[in-house]
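Structural features, examined
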Amino acid sequence: MPKRRANGEGNIRKRKDGRWEGRYTVGHDPETGKAIIKNVLGKTQAAVKEKLKKAIEENVGIDYGRAKTYTVGSWLEVWMENYAKVKLRPSTFKTSQGFLKNHIKPQIGGIPLADLTSLDLQRFYKHLLDGGRVDRIEAKKKPKGLAPKTVRNIHQMIGSAYNLALEQKLVSKNPTQGCALPKEEHKEMKTLTADQLSAFFREARDSGVYELYYLDLATGLRRGELLGLKWTDVDLVRGVLKIQRAISRQNGKVVEAPLKTKNAYRTLPLSADTISVLKMQKNKVGSSEWVFPSPTGGPMSPDSVLHMLHRVLKRAGLPRIRFHDLRHTFATMALQNGVDVKTVSSMLGHYSAGFTLDTYAHVTTDAQLKAAQTMGSILSRAV
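Presented here is an overview of the structure given in this document.

Parameters at a glance
- Residues numbered from 1 in each chain as written.
- Predicted model: local features only at pLDDT ≥ 70, side-chain atom pairs only at ≥ 80, totals over all residues.
- Heavy atoms only, no water.
- Pairing = 2+ DSSP bridges.
- Helix = DSSP H or I, 4+ residues; strand = E, 2+ residues; numbered from the N terminus.
- Buried < 20%, exposed > 50% of the residue type's maximum accessible area, 1.4 Å probe, protein only.
- Axes fitted to C-alpha atoms, helices over the stretch in contact; angles between N-to-C directions.
- Contact = heavy atoms within 4.5 Å.

Once that is clear, we can look at the pairing of strand 3 (residues 35-42). Remark: a regular strand shows side chains that alternate across the two faces of the sheet. In terms of strand pairing, strand 2 (residues 20-28) meets strand 3 through eight bridges, oriented antiparallel. Note on strand 3: the bridge partner recorded for H28 is A35. With antiparallel pairing between neighbouring strands as the criterion, strand 2 and strand 3 make up a hairpin whose turn holds six residues, including G33 at a positive phi of roughly 80 degrees.

The following block contains the structure:
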């Protein structure tokens, strides 16, 4: 009966091609009982001896027998169900499910969990960038490749799943480490000027949606946050507004959802004009619990307020912008008119003032230039 090779045991030999090879055992196949062998290669015996020692040390405790029962696809399913489902927001979880179903499983899902390499991932990412978009009717006019941000999100998802595999002693390294990722393309920020706002508000009044867009431009709320407002969140006497939930569309339904981050849960002060606008809105909606209800009485759909925005802009003769650009308009105007970055950051619900500073660097640079010119003028008069 042949001797059963112990885990970590290794030997070195010279191959016919002249290179040296070190082979070592990392476990046993749970079905056949045969040893699972891995190898390292080198030009000299000494080099291979060093590589073999390092490889054995790295693989101590790794359960390759159990790892062999998983493919990349099946392990990500385990990660999705037991970790992602608990940690991720419902909308993010649904997006991750789409990544797994449409991209990861068809391309690399069949590779054994412990065999996936950084090169496999690099080829996978290149495929996604070149022509990875799923062929759907609504995607006909879009580029064939996925956006760099989407590829980066898929990379982060795979990395998180492999971090769990590392913790479970199923792999010795995370293959996402060291991958070259595409640079994220930032969408151009568009904001409305003071003159454009006048035209926008005139048309919003005529369209009966003035209060909704006024409140958004006065507070910089995200679209889901704006639609998630209930009258219990509004204190018209104290003049404050609590942001406690968001509205999103999931599985075709408009539902309540948690906010994006813990910093998004915030209380904002309201100006006298904004309080007056909210009082007008209260009179319009009567007994509805929602500040901006839909015709059926529930919260408004995020899609409907976007379509509404585009109609108002078109009728006002203004350029088409995203709903999120109203938030950018609020932040830009606040910074341009002397509100400090930390205050703007807290009002926006950003996780740090540094993020706000990076996002609106072009605005703060202008403010710094104005400050420098002002100081130059003061000092020149003193000389």
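Inspection of the secondary structure assignment puts L270 in the loop between strand 8 (266-269) and helix 10 (272-285). Residue classification places L270 among the buried positions, given a relative accessible area of 12%. Here the alpha-carbon distance between L270 and L241, two residues 29 residues apart in the chain, equals 7.0 Å.

Another point: the sheet that holds strand 1 (residues 10-14). Spatial strand order, 1-2-3: three strands in an open sheet with antiparallel pairing. Only two strands of the sheet have a single neighbouring strand rather than two, namely strand 1 and strand 3. Between one strand axis and the next, the sheet turns through 25 degrees on average, direction left out of account. Each of strand 1, strand 2 and strand 3 is contacted by helix 1 (residues 45-58), which is oriented at about 15 degrees to strand 2, the strand it contacts most.

A word on the side chain of E225. Relative to the helices and strands, E225 resides in helix 9 (residues 223-227). Accessibility expressed as a relative area gives 2% for E225, which makes it buried. Apart from the residues within four sequence positions on either side, E225 is in contact with I243, R245, A246, L259, A264, R266 and R327.

If you walk across this open sheet you meet the three strands as 4-5-8, and the pairing is antiparallel. Each of the sheet's edge strands pairs with one partner strand only, and the pair in question is strand 4 (234-235) and strand 8. Across four bridges, the pairing between strand 5 (residues 240-243) and strand 8 is antiparallel. Each bridged residue has a counterpart across the sheet, and for K242 the counterpart in strand 8 is T267.

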